[in-house]
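Letter by letter, the chains look like this.
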Number of protein chains: 2
Amino acid sequence: MTALRDPVRLIPLLFLGFIAAGTLLLWLPIATADGTQAPFITALFTSTSAVAVTGLITVDTPTYWSMFGQVTIMILFQIGGFGIMTAATLFGLMAGRGFSLREKMATQVERDRLALGDAGSVLKMILLITVVVEAIVAAILTVRFATQHGMEWGTAAWQGLFHSVSAFNNAGFSVNSDSLMGFQNDPVVLGPVMLAVILTALGFPVMQDLRHNRLRWRRWTLHSKITVSATLVLLAAGFLLILAQEWHNPDTLGPMGVGAKALNAMFHSVMPRTAGFNSLDVGSFYDETLMTNYALMFIGGGSAGTAGGIKVTTFVVLLAIVYSEIRRQKDAALFGRRFGHGIERQALTVAVAASTLIIGTTMYLLAITRLPMEDVLFEVISAFSTVGLSTGITADLPPAGQIAIIMLMFVGRVGTITVATALALGAQRRPWRYPEENPIVG
Amino acid sequence: MTALRDPVRLIPLLFLGFIAAGTLLLWLPIATADGTQAPFITALFTSTSAVAVTGLITVDTPTYWSMFGQVTIMILFQIGGFGIMTAATLFGLMAGRGFSLREKMATQVERDRLALGDAGSVLKMILLITVVVEAIVAAILTVRFATQHGMEWGTAAWQGLFHSVSAFNNAGFSVNSDSLMGFQNDPVVLGPVMLAVILTALGFPVMQDLRHNRLRWRRWTLHSKITVSATLVLLAAGFLLILAQEWHNPDTLGPMGVGAKALNAMFHSVMPRTAGFNSLDVGSFYDETLMTNYALMFIGGGSAGTAGGIKVTTFVVLLAIVYSEIRRQKDAALFGRRFGHGIERQALTVAVAASTLIIGTTMYLLAITRLPMEDVLFEVISAFSTVGLSTGITADLPPAGQIAIIMLMFVGRVGTITVATALALGAQRRPWRYPEENPIVG
Ligand SMILES: [K+]
Ligand SMILES: [K+]
């Protein structure tokens, strides 16, 4: 069995296994609130959405599923998130090592990182961060829910735990029918959720760097420098755009005071980057705000974490190439380091493949339904980038459409890391090359 | 004056001059049908649309403009098309020569092409092709209009000439309020228009290659091989997609017989690639068909011609990189030639810059209007790629929106060739390079 010896092929099989197991559990009559068996496609959709840490739903989580069903969903996205983070980090290290040996381009900083990279310590570290962050956020939320939002302690603890685990794994599932809209005026609820999402969306390599080197910028890897600075820029840009675009919208920010406007614009600048909670009604966003969301969702979060999308580093590498071309510089460089030709082509490949998948799936869904294009495009990017936000059309998709979304969530989550790794593991060497000739482009 | 010595800067100034002159002429009271002075923005919009060979209109060409106005428009798009074709071809030759000397990568085939590339012969050749093709198409259309569509010979000749010049220059202007919808069942009208558009949309370097080497494939440049084969694939794909997507649409192909369905699907597969005539009501297209149009318009036609968009070679280079990455090959290659690193980065830069412009302008227009996203996106891609098709919202844009479209048509037409040329003219050499370090992408 080649698959069992090749970790890049093993991971998709493992995820398929988890999805299958989750589907069977959610298919049991005890998984639903009214004790009737869920349709198979509903169980499959929900299990895939959970394992892929997406958060799109065709049925309302708190009213459709029983407590057994809800706990199953939580376990599935905890396993999915942990699995993704572990697999992606190990792949990243494999790929990094492959490059550094072959192309002899490892810098001191990179060697530092690789020295930490044995599998056991990575697993332990991820487990530790998961438990610590989830416990802290769950505790804060539980106390707040119980003391400020009139929940009984048992309910508050369950809500706190579920939302904490969902936030840490960027899963986007909520046990409230309106996600976090009921807490849109409470920074003590939205704040910890945002912080957990921002932290984990950086990806594990950055978290590890932060833990070892704190804020000593000069000691960070290039990967961490790019991810953190681009994340800050994207958060600021998303915040300003959404604030400006929705300021007067009577169905979102319009009726709020300035403080609540800022809080919710910030929250919705963080969420499209992969987490998928909402404190505002996404279906009421203006079209220009939907486009801001398209961009933020497509770019996504940091590599080797629970975030989806093409990843901020991919986006930055592409921008750096464009900038260097326009400045007529031979190398694309950032923070005093130039990018290799290989990484440029990988970034391009990820972006083109993602765009193609998104456009193709959108056209397919438009052809089999008469839903509005802006909603379908939103849904498709959200599924591919495993964000989980929706304008509200998920349940209106016919079975064929739901299957397309299921496949997209799986590919967006598992396909991208395995493909990216396969690419990073390097090129075949041919003993000969074609002569070079260039067409006129542009 | 640096601008006067540097052709790359001279061209935008020349185009601005033509647009200004056209605006002043169309601003004269004799330019309008009822003899009142057109609003300045209407004259500016129409002049820009004509010089940039786009074809978007805020007023109905045959009813709003007088014969003086219509002739002015025709002269403007003839000058615009000739100017673009000449400038782009000379730039392409400059850039090609720059590369081949510096990087010593000229193949025999390329040297053949460059030997033909002195400016005088290029101008003569373009002029010759223009006159010959326009005369043939005008003659066919005139006879057909007079003998089959009940026009008087004078009207038929004017209609034949106007549509022939418009087709050859990919201008998309029509002297019928409904473009060519009145001829949707006449292959002898739609056919010559399509052929003229396909030919000129290949770009001048390909036409020159075809003239010298006929169909002897092995003697073609890589540029011609890519442009011609990709054009055929795109035409076939567009035809099949539009045929399937609109087959049952009661407002487009639905009521037609199979022959007319095929003719009109073919026509609308050719037109988004830059020409902008329509034989069907674009505003009635299903959303999935609009997406097909987005893709075809964005890709556009051949380099160094009157076609717009990112160009088929740009698109093919990007796909070839993705294919080679997925196959884990070190080089992106096609037809036995590999692409240079420089051309890969140019292609990427063109595509990213185009996408950024389109997304930004769409968000701006959505913010200042409440028009549907699918129509605004269509309009913006059509303007950037100088296609000229519209779902019908052009006249509904407020002045600020019309100015955005004016700027986009200018940038899409003049900006892209000058930027592409500036890029191709080569990189500054720094005496040092940064050390290489690569982030994890994807
Ligand atoms: K999510
Ligand atoms: K056009």
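None of these values were measured; they are calculated from a predicted model.

(A) Fine view of the overall build of chain A. Scanning chain A from terminus to terminus reveals 17 helices and 2 strands. In chain A, the proportion of contacts linking residues at least 24 apart, taken out of those at least 6 apart, comes to 70%. Accessible surface, chain A as shown: approximately 16,400 Å² in total, 67% of it carbon and sulfur.

(B) Just the coordination of the potassium ion (ligand 1), in detail. Residue and element names in this part refer to chain A. Note on the potassium ion (ligand 1): its protein donors are Val53 (O), Thr54 (O), Asn170 (O), Thr274 (O), Ala275 (O), Thr386 (O) and Val387 (O). The metal-donor distances range over 2.5 to 3.2 Å. Mapped onto the sequence, the donors of the potassium ion (ligand 1) take the spacing V-T-x115-N-x103-T-A-x110-T-V. In this pair, Val53 sits in the loop between helix H3 (40-51) and helix H4 (61-64) while Ala275 sits in the loop between helix H12 (258-270) and helix H13 (287-299), placing the two residues 222 residues apart along the sequence. Like Val53, the residue Ala275 is buried in the burial classification.

(C) Expanded view of the pattern of salt bridges. Inspection of every chain in the model, using the stated rule, returns 8 salt bridges over all chains. In this structure, A:Glu288 engages B:Arg370 in a salt bridge whose closest nitrogen and oxygen atoms are separated by 2.9 Å. With A:Glu288 in helix H13 and B:Arg370 in the loop between helix H15 (341-368) and helix H16 (373-384), this pair bridges two chains. Look at A:Glu288 and you get buried, because its relative accessible area is 3%.

(D) Here's a closer look at unusual backbone geometry. Residue and element names in this part refer to chain B. Despite not being glycine, Val53 has its phi angle at roughly 40 degrees, a positive value. One non-glycine residue, Asn170, adopts positive backbone phi at about 55 degrees. Its place among the elements puts Asn170 in the loop between helix H8 (153-168) and helix H9 (187-201).

(E) Fine view of a nonpolar patch on the surface. All names here are of chain A. Among the surface-exposed residues, Leu128, Val132, Ile136, Ile140 and Val188 lie close enough to one another that they form a single nonpolar patch of about 390 Å² accessible area. For the nonpolar patch, the leading source of residues is helix H7 (residues 119-148), giving 4 residues. Relative to the elements of secondary structure, Ile136 occurs in helix H7.

(F) Fine view of the packing of H13(A) against helix H16 (residues 373-384) of chain A. All names here are of chain A. The N-to-C vectors of H13 and H16 enclose an angle of 20 degrees; their axes lie 9 Å apart at closest approach. If you check the angle between H13 and H16, you find them roughly parallel. Crossing of H13 over H16 shows left-handed handedness. Packed against H13, whose contacting residues are Asp287, Leu290, Asn293, Tyr294, Met297 and Phe298, the element H16 presents Glu374, Asp375, Leu377, Phe378, Ile381 and Ser382 at the interface. Tallied by class, the residues present in the contact of H13 with H16 amount to 7 nonpolar, 2 polar and 3 charged.

(G) Representation of the environment of A:Phe285. All names here are of chain A. Within the secondary structure, Phe285 sits in the loop between H12 and H13. Phe285 sits 35 residues away from Pro250 along the chain, and the two C-alpha atoms are 10.0 Å apart. The residues touching Phe285, leaving out its near neighbours within four places in the chain, are Glu246, Asn249, Thr252, His268, Leu280, Leu290 and Asn293.

(H) Expanded view of the packing of aromatic side chains. In the structure shown here, the tally under the stated rule is 18 aromatic pairs over all chains. Ring centres 5.4 Å apart and planes at 85 degrees place the aromatic pair A:Phe77 and A:Phe162 in the edge-to-face group. Remark: A:Phe162 occurs in helix H8 (residues 153-168) and A:Phe77 occurs in helix H5 (residues 67-103); sequence separation between them is 85 residues. Of the two residues examined, A:Phe77 and A:Phe162, each falls in the buried class. Seen from their ring centres, B:Trp158 and B:Phe162 are 5.5 Å apart, and the 65 degrees between their planes marks the pair as edge-to-face. Taken together, the residues span about one helical turn, with B:Trp158 and B:Phe162 both in helix H8 at a distance of 4 residues. On the accessibility criterion, B:Trp158 (18% relative accessible area) is buried. Taken together, A:Phe77, A:Trp158, A:Phe162 and A:Phe173 form an aromatic cluster joined through their ring pairs. Cation over ring: A:Arg370 sits above B:Tyr286, and NZ or CZ is 4.1 Å from the ring centre. Taking the ring centre of B:Trp247 as reference, the NZ or CZ of B:Lys261 above it sits at 4.6 Å.

(I) Structural view of the packing of helix H14 (residues 312-326) of chain A against H15(B). Closest axis-to-axis distance for the H14(A)/H15(B) pair is 9 Å, and the angle between their directions is 105 degrees. In this view, H14(A) runs roughly perpendicular relative to H15(B), as classed from their interaxial angle. Only B:Arg345, B:Gln346, B:Leu348, B:Thr349 and B:Val352 of H15(B) make contact with H14(A), whose side of the interface consists of A:Leu318, A:Leu319, A:Ile321, A:Val322, A:Ser324, A:Glu325 and A:Ile326. Residue classes in the contact of H14(A) with H15(B) are distributed as 7 nonpolar, 3 polar and 2 charged.

(J) Focus on the environment of B:Met67. Residues and elements named next belong to chain B. The topology assignment puts Met67 in helix H5 (residues 67-103). For Met67, a relative accessible area of 46% gives the class partly exposed. C-alpha separation for the pair Met67 and Ala31, spaced 36 residues apart in sequence, amounts to 7.4 Å.

(K) Seen up close, the confidence of the model for chain A. Residue and element names in this part refer to chain A. When the pLDDT values of chain A are averaged, the result is 86; 87% of them are 70 or greater. H3 holds the highest mean pLDDT among the elements of chain A, 96, whereas helix H6 (residues 108-115) holds the lowest, 43. Within the model, the stretch residues 1-5 combines pLDDT values under 50 with 5 contacts to residues more than four positions away or in other chains. Every residue in residues 97-116 scores below 50 in pLDDT, and together they form 31 contacts with partners more than four places removed in sequence or on other chains.

(L) Molecular detail of H8(A). All names here are of chain A. Between its terminal C-alpha atoms H8 stretches 22 Å, which fits the 22 Å expected from 16 residues at 1.5 Å a residue. Those residues of H8 that fall on the buried side of the exposure criterion are Ala156, Trp158, Gln159, Gly160, Phe162, His163, Ser164, Val165, Ser166, Ala167 and Phe168. Asn170 sits one or two positions beyond H8 and adopts a positive phi of about 55 degrees.

(M) Representation of helix H12 (residues 258-270) of chain B within the structure. Between its first and last C-alpha, H12(B) extends 18 Å over 13 residues, near the 18 Å set by a 1.5 Å rise per residue. Here H12(B) has its buried residues at B:Ala260, B:Lys261, B:Leu263, B:Asn264, B:Ala265, B:Phe267, B:His268, B:Ser269 and B:Val270.

(N) Up close: the environment of B:Met256. All names here are of chain B. Mapped onto the fold, Met256 is located in the loop between helix H11 (222-246) and H12. It is 8.9 Å that separates the C-alpha atoms of Met256 and Asn185, two residues lying 71 residues apart in sequence. Excluding anything up to four places from it in sequence, Met256 contacts Gln184, Lys261, Asn264 and Leu280.

How each quantity is defined
- Residues numbered from 1 in each chain as written.
- Chains lettered and ligands numbered in written order.
- Predicted model: local features only at pLDDT ≥ 70, side-chain atom pairs only at ≥ 80, totals over all residues.
- Heavy atoms only, no water.
- Helix = DSSP H or I, 4+ residues; strand = E, 2+ residues; numbered from the N terminus.
- Contact = heavy atoms within 4.5 Å.
- Areas by Shrake-Rupley, 256 points an atom, 1.4 Å probe, with all protein chains shown as cover.
- Donors = N, O, S within 2.8 Å, 3.2 Å for Na, K, Ca; no water.
- Buried < 20%, exposed > 50% of the residue type's maximum accessible area, 1.4 Å probe, protein only.
- Salt bridge = Lys/Arg side-chain N within 4 Å of Asp/Glu carboxyl O.
- Patch = residues over 30% accessible without salt bridge, like charges linked within 9 Å, V, L, I, M, F, W, Y side chains within 5 Å.
- Axes fitted to C-alpha atoms, helices over the stretch in contact; angles between N-to-C directions.
- Parallel < 35°, antiparallel > 145°, perpendicular 65-115°, else oblique.
- Left-handed = near helix turned anticlockwise from the far one by under 90°.
- Nonpolar A, V, L, I, M, F, W, Y, C, P; charged D, E, K, R; others polar.
- Phe/Tyr/Trp six-rings, centres within 6.5 Å; stacked < 30°, edge-to-face > 60°.
- Lys NZ or Arg CZ within 6 Å of the ring centre and 35° of its normal.
- pLDDT = per-residue confidence, 0-100.
- Expected span 1.5 Å × (residues − 1).

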